[in-house]
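Single-letter residue listing:
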Amino acid sequence: MKQPATDSAYITYVRALTNMTIHSPALLGHVVSKIGLVNVLDNINKSQAYIQKEIINFLLHGLSASKPTATCKRVLSDKALLQQAIGLMGNNHSTCKSFSALLVSRLLVGNEALIAACNMKLIQVLDRELKKTTEDYANKCLSFLSKTLLSFLPELLDQVESVLKRVENRRNPNSAQAKELNTVLSSLPIVLHLMTSRALSHHALAAVNMEQLADILRMVPGIQNGDTGLGSLSLLDETLSTLFSISEICLPHMLPEQTIPLLGILCRC
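These notes cover the structure that comes with them.

### Quick look at the packing of aromatic side chains
Evaluation of the coordinates by the stated rule reveals 1 aromatic pair. Relative to Tyr 13, the ring of Tyr 10 has its centre 6.3 Å away and its plane inclined at 40°; by these criteria the two rings are tilted. With Tyr 10 and Tyr 13 both in helix H1 (residues 7-23), this residue pair falls 3 residues apart, about one helical turn. The class for Tyr 10 is buried, based on a relative accessible area of 1%.

This is how it looks when you write it as structure tokens:
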């Protein structure tokens, strides 16, 4: 993917690659193996928006395979690509913005990618772009990314509830449990980010099972007094802080029978 002498020749070259990739997504793996993902990212970074959108379109088609190759899996998990795609969501070129939002949606695979994306200010960028974008197709792509993020909420809360129940009333979780706690509870701030988003908070609250959240919050006293150990003081502090913040947002949206027992718990905490 080394750039030819003119932009028009380079665009023709990338479009040809994209057309071939539509029929054979594995072609992306061959290109990346040959020239290196660093060079692909460098080309995106150095190019104008009308060229950037062509490269991103190529990546989108290459990552569309239901069973990606090992090389494509490395591309999917590459944090530099994720950060670049999030940055390009702020591009003034509507198509580049649109394709970048779709690429971010495709790169959100697993908790680690979600955590990284939130640390890269994805939700703040999404809030900003949803507010200022007027083009119909770009809005649809941004909305698709929003729905992708919201779709993770139920699974994230399932994971949190499950891992906390497995260590409930255990002061000293074993090493495997401690590792799982760290992995799962590190993703809890994502729930809070979505609930405090200007554009997504209403939808986030609608996606949350309040009864399940109430069950999670009922475990707070056991966590705070040490009956339920989390294996790490920093994880303990972060988890409690996040749960308290979530509770402040969600209590007004819970049923009275869910809220009343929690008020006593949270007041004591």
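Next comes the rest of the write-up.
### Thoughts on unusual backbone geometry
In this structure, Lys 121 takes a positive phi of about 70° despite not being glycine. Relative to the helices and strands, Lys 121 is located in the loop between helix H8 (110-119) and helix H9 (122-132). Located in the positive-phi region is Asn 169, a residue other than glycine, with phi close to 65°. Note that Asn 169 resides in the loop between helix H11 (153-167) and helix H12 (175-185). Using a relative accessible area of 60% as the deciding quantity, one classes Asn 169 as exposed.

### Quick notes on the state of the cysteines
In the structure shown here, the tally under the stated rule is 0 disulfides. Just so you know, Cys 96 is unpaired, no disulfide at all, and the nearest cysteine sulfur is the one on Cys 141, 12 Å from it. Overall, Cys 96 belongs to the buried group, its relative accessible area being 0%. Between Cys 118, a cysteine without a disulfide, and Cys 250, which holds the nearest cysteine sulfur, the sulfur-to-sulfur distance is 16 Å.

### Some points on the nonpolar core
Counting 88 residues, the largest nonpolar core has Met 89, Leu 103, Val 104, Leu 108, Leu 122, Leu 164 and Leu 213 as the members making the most contacts within it. At 7 residues, H11 tops the list of elements feeding residues into this core. Residues within four places of Val 104 in sequence aside, it is in contact with Leu 82, Ala 85, Ile 86, Met 89, Leu 122 and Leu 145.

### Observations regarding the pattern of salt bridges
By the definition in use, this model includes 11 salt bridges. The partner of Glu 54 in a salt bridge is Arg 15, and the shortest N-O contact between them spans 2.9 Å. Of this pair, Glu 54 sits in helix H4 (residues 49-62) while Arg 15 is found in helix H1, placing the two residues 39 residues apart along the sequence. For Glu 54, a relative accessible area of 6% gives the class buried. Taking the shortest distance from any N to any O, the salt bridge between Lys 165 and Glu 161 comes out at 3.2 Å. One end of the pair is Lys 165 and the other is Glu 161, both in helix H11 and 4 residues apart, which spans about a single turn.

Conventions used here
- All residue numbers refer to position in the chain's written sequence, counted from 1.
- With the structure being a predicted model, the display of local features is reserved for residues of pLDDT at least 70 and the display and counting of side-chain atom pairs for 80 or more, all residues being used for whole-chain, interface and lining totals.
- To get the side-chain values, take all heavy atoms of the structure and skip hydrogens and water.
- Pairing of aromatic side chains here covers Phe, Tyr and the six-membered ring of Trp, requires ring centres within 6.5 Å, and sorts the geometry by plane angle: under 30 degrees stacked, over 60 edge-to-face, intermediate tilted.
- Runs of E in the DSSP output that reach at least two residues are strands. Runs of H or I that reach at least four are helices, and both are numbered from the N terminus.
- Relative accessibility under 20% of the residue-type maximum defines a buried residue, over 50% an exposed one, and the middle range a partly exposed one, all with a 1.4 Å probe and only protein chains included.
- Counting rule for disulfides: a pair of cysteine sulfur atoms within 2.5 Å.
- Throughout, nonpolar core names a set of buried Ala, Val, Leu, Ile, Met, Phe, Trp, Tyr and Cys residues whose side chains join them through atoms within 4.5 Å.
- Only heavy atoms matter for contacts: two residues are in contact if any of them lie within 4.5 Å across the pair.
- A side-chain nitrogen of Lys or Arg and a carboxyl oxygen of Asp or Glu constitute a salt bridge if their distance falls within 4 Å.

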